[in-house]
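# Topology and contacts: notes
Spelled out from the first residue to the last, the chains are:
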Amino acid sequence: MTPEQFRRHGHEVVDWIADYWTRIGSFPVRSPVAPGDVREALPASAPEQGEPISAVLADLDRVVLPGVTHWQHPGFFGYFPANTSGPSVLGDLVSAGLGVQGMSWVTSPAATELEQHVLDWFAELLGLPESFRSTGTGGGVVQDSSSGANLVALLAALHRASGGATVRDGVRPEEYTVYVSAETHSSMEKAVRIAGLGTDAVRIVEVDGDLAMRPAALEARLVRDTARGLKPVLVCATVGTTSTTAIDPLAALGPICQRHGVWLHVDAAYAGVSAVAPELRELQAGVEWADSYTTDAHKWLLTGFDATLFWVADRAALTGALAILPEYLRNSATDAGAVVDYRDWQIELGRRFRALKLWFVLRWYGAEGLRAHVRSGVALAQELAAWAGADDRFEVATPHPLSLVCLRPRWPADVDADVATMTLLERLNDGGEVFLTHTTVRGQVVLRVAIGAPTTTRPHVQRAWALLCDGHDWLAADFAE
Ligand code: PLP
């Protein structure tokens, strides 16, 4: 494809995306296809001859779109949001067009330095500790996901705990312990497995009535494990758990971790970006105790996947765990210690120029635009919770400090509540106007309404609420027959 052909077809593709965004509200939010439908619409073998872009675009409409669940749809209330936006797509397009590989500073200095700078900007915008800045002892890096960030945090913590050894070199993994709660994201347990510690290493700390980790229970476990000769390595505290956005109390957990010499990792994958709004920072009071911190711009901050913002307070622990320098990557800037080589801050060697999309997003929206987006989601969630709280048909199941509301529908005593709630969920999702997901709270199924798609406005939340009420009435009438 020549640059001129690219220009022409690039315009067609951008038009296609803009048209998609314009008509997104007309699609059923959840893809209606059955397993195998998409593959059945594709030829068995790859094309022998090249095809025109127009044929590919036609197949986007014919094959791909029916098999897409529309995460940017204003009626998308499932899981957590996975925002994208015009500036994010354009920044990614530039990254793709430049096609650079930013594994080392020398392989494209701008890729490293823009990333350092944007991460410093975000650390300031989110009110994170000075130690996280590149000008301090730590620094930030874009990871592919918070799952990956949880893994590298654990590897850095292991490096520090073992005095610089690696798990496979001179230390006994069976002695190490890692502390989570039952509400911690499953990626932390996966990280423990990948790190070679085995699931026995995981200690599940008790939670309180709001599903937040209990500091006293953590301390008791640390004391007990240390007395047994075990080596506590990392505590994973979550700000905004996946299930219900419960918030582990960092200000109480931090001093405990420090007393026991344990790495405090804060997983704020969804909720951390809310700190762009200063009035929401109180939720993560105590963040200055954190050794590492992850939050996803690709969830709720108008940036497309993958854009995990990850910081450490001591970059030496991270690079100590991950740095490896084969001869073919040696260069004078690295040898002089004058630069950051991000390959030493992540699992993979190669890396895309992901800072570009974050830079585009920041420059297009400004901090005020990002605050407005977060505040809108929070305000809508509070309104929904108020409607539900005032309605006998629903109970607000958990605290809702951000933009997720967990609702437990009330059913007659002789009805299996979980089956009824799941039936209501399926009915809503089959309708195509909205998409919700579920979780369990204290053993009972609840509906999660996660607000935060960029196009969602008050009428969309009102409509979702009306559908919930109508669906409840319809099912209740059915049960009464
Ligand atoms: N941690 C928490 C608290 C999450 O809620 C999630 C996903 O929802 C993750 C980690 C995993 O995020 P990612 O998809 O970026 O790996």
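Residues numbered from 1 in each chain as written. Predicted model: local features only at pLDDT ≥ 70, side-chain atom pairs only at ≥ 80, totals over all residues.

### Digging into the site of the ligand
Every one of the 14 residues lining the ligand counts as a neighbour, but Ser145, Ser147, His185, Thr242 and Ala269 are closest to it. Residues that form the shell around the ligand fall into these classes: three nonpolar, nine polar and two charged. (Near = placed C-beta within 6 Å. Nonpolar A, V, L, I, M, F, W, Y, C, P; charged D, E, K, R; others polar.)

### Focus: the packing of helix α6 (residues 146-161) against helix α7 (residues 186-194)
Where α6 meets α7, the axes come as close as 9 Å, and the angle between the chain directions of the two elements is 45 degrees. In this view, α6 runs oblique relative to α7, as classed from their interaxial angle. Judged by the twist between their axes, the crossing of α6 over α7 is right-handed. Between α6 and α7, the contacting residues are Ser146, Ser147, Asn150, Leu151 and Leu154 on the first element and Ser187, Met188, Lys190, Ala191, Val192 and Ile194 on the second. When the residues that make up the contact of α6 with α7 are grouped by side-chain class, the tally is six nonpolar, four polar and one charged. (Axes fitted to C-alpha atoms, helices over the stretch in contact; angles between N-to-C directions. Helix = DSSP H or I, 4+ residues; strand = E, 2+ residues; numbered from the N terminus. Parallel < 35°, antiparallel > 145°, perpendicular 65-115°, else oblique. Left-handed = near helix turned anticlockwise from the far one by under 90°. Contact = placed C-beta atoms within 7 Å.)

### Considerations on α7
Counting along an α-helix, one turn takes 3.6 residues, and residues three or four places apart therefore face a common direction. Buried within α7 are the following residues: Ser187, Met188, Ala191 and Val192. Buried residues along α7 cover an arc of 150 degrees about the axis, so they all sit on one side. Buried positions along α7 lie against α6, β2 (176-181), β3 (202-205) and β4 (231-238). Immediately beyond the C-terminal end of α7, within one or two residues, lies Gly196, with a positive phi of roughly 85 degrees. (Buried ≥ 20, exposed ≤ 12 C-beta atoms within 10 Å, placed from the backbone. Arc of directions from axis to C-beta.)

### Structural notes on the domain arrangement of the protein
Each assigned domain of the protein is listed with its residue range as follows: domain 1 (1-30 + 69-85 + 366-481) and domain 2 (100-352). Each of domain 1 and domain 2 has a C-alpha centre, and the two are 30 Å apart. Residue-level contacts link 24 residues of domain 1 with 24 residues of domain 2. Those elements that place two or more of their residues in the side of domain 1 that touches domain 2 are α13 (355-389), β9 (404-409) and β10 (437-441). (Domains from an automatic or database assignment.)

### Some details on the nonpolar core
The biggest cluster of nonpolar side chains holds 122 residues, and the ones touching the most others in it are Leu154, Leu234, Val235 and Val449. Viewed by domain, this core spans two of them, domain 1 (1-30 + 69-85 + 366-481) and domain 2 (100-352), each represented by three or more residues. With near-sequence residues (within four places) excluded, Val235 lies in contact with Tyr179, Leu218, Leu253, Cys257, Val262 and Leu264. (Core = buried A, V, L, I, M, F, W, Y, C linked by C-beta atoms within 7 Å.)

### Section: the environment of Gly452
Considering the arrangement of structural elements, one finds Gly452 in the loop between β11 (444-450) and α15 (458-480). On the basis of neighbour count, Gly452 is assigned to the buried category, with 28 C-beta atoms found within 10 Å. Put simply, Gly452 and Ala420 are 32 residues apart on the chain and 27 Å apart in space, counted from C-alpha to C-alpha. Contact partners of Gly452, with chain neighbours within four places excluded, come to Pro81, Asn83, Trp300, Gly377 and Ser403.

### A few points about the UniProt feature "modified residue: N6-(pyridoxal phosphate)lysine" (unreviewed entry) in the protein
As recorded in UniProt, the feature "modified residue: N6-(pyridoxal phosphate)lysine" (unreviewed entry) lies at Lys299. Within the element layout of this structure, Lys299 appears in helix α10 (residues 297-300). Look at Lys299 and you get buried, because 24 C-beta atoms sit within 10 Å. Beyond its immediate sequence surroundings of up to four residues, Lys299 is in contact with Phe80, Pro81, Ala82, Asn83, Ala269 and Tyr270. (UniProt positions renumbered as here; feature names shortened; annotations may be inferred.)

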